[in-house]
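# Working through the structure, step by step
Okay, here's what each chain looks like letter by letter:
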Amino acid sequence: MATEMDYRNPTLTEILAELHLEENTLPEKGLMALAREFAASGFDDQEFMQTVIESQDKTQELEPKIVPRIRCWDRERIRLVQFSPDAVFVNLIGEYPRWDKFSEHIQTTRNAITDALKKKIQPARIEFTTINKWKVNFASFTIGQYLNCGGLFIPAWYSEVSVSSDISLGQGFHYKDGFNKRVKITVRTSDDDVQFQILI
């Protein structure tokens, strides 16, 4: 029998908002000031690393850039703030990260950045992601038993997929009416069960 899913057994495990700022709003030299501001407010479990970003301009072939990234966790490792030049990533992780808690986390993050930079920030673009995960029984498994194939987002031909798969649907950086919809589905099968991960 498939695992029952309701508010007592939620599939939502993480919410992420990417705040992409106007150019030079948050320069590389301002990252350490932000790290100190977040450390003072309880986000003192910090990691310093580098990440690769690709150009958003699909009309030109530009080399990916390596940029610094600072990850700031709270003590419970539930709230996470990450920042790179001109980009801030706000994560809420847990068994059921509620929207009101996430909205509060975003506002607190924006206030901390304003205090550190001495100016208000205005995102040029926001990318919002929810991550859902769950396990189901492997016997006679197909994607169509659990997802609405043939509906608004997933084409009908995926309904019979029954093996490990990575499905990416959407149009990348597409700005129709200011919104873009992307869905990524990861399926991993084993002899005992199937693990779903859906990014929307």
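The structure presented is a predicted model; accordingly, all values stated were derived computationally and were not measured. (Residues numbered from 1 in each chain as written. Predicted model: local features only at pLDDT ≥ 70, side-chain atom pairs only at ≥ 80, totals over all residues. Heavy atoms only, no water.)

As a further point, take the overall build of the protein. Helices and strands together make up the secondary structure of the protein, namely two helices and nine strands. When the elements of the protein are put in sequence order from the N terminus, they spell out β-α-β-β-β-β-α-β-β-β-β. Here the protein holds 200 residues, and 38% of them are scored as buried. Considering only residue pairs separated by 6 or more positions, the protein has 58% of its internal contacts joining residues 24 or more positions apart. Here the protein displays about 12700 Å² of accessible surface, and carbon together with sulfur accounts for 50% of that area. (Helix = DSSP H or I, 4+ residues; strand = E, 2+ residues; numbered from the N terminus. Buried < 20%, exposed > 50% of the residue type's maximum accessible area, 1.4 Å probe, protein only. Contact = heavy atoms within 4.5 Å. Areas by Shrake-Rupley, 256 points an atom, 1.4 Å probe, with all protein chains shown as cover.)

Time to look at the pairing of strand β7 (residues 165–169). Burial of β7 is one-sided: the residues Ser165, Ile167 and Leu169 facing one way are buried, the residues Asp166 and Ser168 facing the other way are not. Examined bridge by bridge, β7 and strand β8 (residues 183–189) share five bridges and lie antiparallel to one another. Note on β8: the bridge partner recorded for Leu169 is Val183. (Pairing = 2+ DSSP bridges.)

Of all residues in the protein, 79% have pLDDT values of 70 or greater, and the mean over the chain is 79. The secondary-structure element of the protein with the lowest mean pLDDT is strand β9 (residues 193–199), recorded at 68, while strand β4 (residues 79–84) shows the highest, at 93. (pLDDT = per-residue confidence, 0-100.)

It is worth spelling out helix α2 (residues 99–117) at this point. Between its first and last C-alpha atoms α2 spans 27 Å; for 19 residues at 1.5 Å apiece the expected length is 27 Å, and the two agree. Regarding α2, the residues found buried are Phe102, His105, Ile106, Thr109, Ala112, Ile113, Ala116 and Leu117. The buried side chains of α2 occupy one side of the element, clustering within an arc of 130° when seen end-on. Contacts from the buried residues of α2 go to β1 (12–21), α1 (31–40), β4, β5 (87–93) and β6 (123–137). Where α2 ends, the next residue or the one after it, Lys118, has phi of about 65°, a positive value. (Expected span 1.5 Å × (residues − 1). Arc of directions from axis to C-beta.)

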